[in-house]
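# Structure at a glance
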Amino acid sequence: MKKLLLAAVMALGLVGAAQAQSADRGMYIGANVGTVLQDSSKVSAGAVVGYQYNRFVRTEGTFDQIWYKNGNGQALMANAVLSVPTGTIVTPYALIGAGVGMNRLNTVNGNTSVALYNVGLGTRVAVSQNIDLDVRYRHFAAFESVNGRKGANMVTVGAAYKF
């Protein structure tokens, strides 16, 4: 009888562990608004679609629209995100990614698009089981020089819905 009881307790423990792990994975979508720090006239809005593999790793695709005084630009990025679980509702993370930027104002050799990279830091705050608030800083720069520019620093605030 003791062996049967011990086996049942162990089985329940494995089921609970599997459920906890499955809560750490899945798809999410989100939206954000922000600004580019070098020029207060720049405003941004963006969207994100991603997949959380476990408590530590996720990948995401982002699209950002940036409005300038004299025009606008877009950035389409693929990011790898490394989270640092704290055991609380707050989860800091770092990200790195690459993609393409499109801007009608700054051309590179006659092209209106340029290969970009971005690195950043952020924090997610769990508001509910399915909704996180997200605050992030990203530094964008071109792989090759664009009219002598050194890149841009963007700060955004957003929300993500986890499926």
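Check the entry above for the structure.
This text gives an overview of the structure that appears in the document. The shown structure was predicted, so the numbers you read here are calculated from the model rather than taken from an experiment. (Residues numbered from 1 in each chain as written. Predicted model: local features only at pLDDT ≥ 70, side-chain atom pairs only at ≥ 80, totals over all residues. Heavy atoms only, no water.)

### Quick word on the environment of D24
By the secondary structure assignment, D24 is in the loop between α1 (2-23) and β1 (26-36). Counting along the chain gives 31 residues from D24 to R55, while the straight-line C-alpha distance between them is 5.4 Å. In this structure, D24 is in contact with Q52, Y53, N54 and R55, ignoring residues within four places of it in sequence. (Helix = DSSP H or I, 4+ residues; strand = E, 2+ residues; numbered from the N terminus. Contact = heavy atoms within 4.5 Å.)

### Section: the environment of T112
Among the secondary structure elements, T112 is positioned in the loop between β5 (90-103) and β6 (113-126). For the pair formed by T112 and M102, sequence separation is 10 residues and the distance between their alpha carbons is 5.7 Å.

### A few points about the packing of aromatic side chains
Counted by the stated rule, this structure contains 3 aromatic pairs. Arranged with centres 5.2 Å apart and planes meeting at 85°, the rings of Y161 and F163 form a pair that is edge-to-face. Residue Y161 is classed as partly exposed on the basis of its relative accessible area, which comes to 37%. F163 gets classed as exposed once you look at its relative accessible area, which sits at 58%. (Phe/Tyr/Trp six-rings, centres within 6.5 Å; stacked < 30°, edge-to-face > 60°. Buried < 20%, exposed > 50% of the residue type's maximum accessible area, 1.4 Å probe, protein only.)

### Points about the nonpolar core
Judged by nonpolar contacts, V36, I66, A75, M77, V114, L116, F140, A152 and M154 together constitute the single largest core of 9 residues. Sorting the residues of this core by element identifies β4 (71-83), β6 and β8 (152-162) as the ones contributing at least two each. Discounting chain neighbours no more than four positions away, the residues touching A75 are T62, F63, D64, V100, G101, L116 and F140. (Core = buried A, V, L, I, M, F, W, Y, C linked by side-chain atoms within 4.5 Å.)

### A closer look at the pairing of β1
In β1, alternate side chains face the same way, and those of G26, Y28, G30, N32, G34 and V36 are buried while those of M27, I29, A31, V33 and T35 on the opposite face are not. Bridge analysis of β1 against strand β2 (residues 43-52) gives 10 bridges, and the strand direction is antiparallel. By the bridge assignment for β2, G26 is matched with Q52. Bridge analysis of β1 against β8 gives 9 bridges, and the strand direction is antiparallel. Considered in β8, the bridge of A31 is made with A159. (Pairing = 2+ DSSP bridges.)

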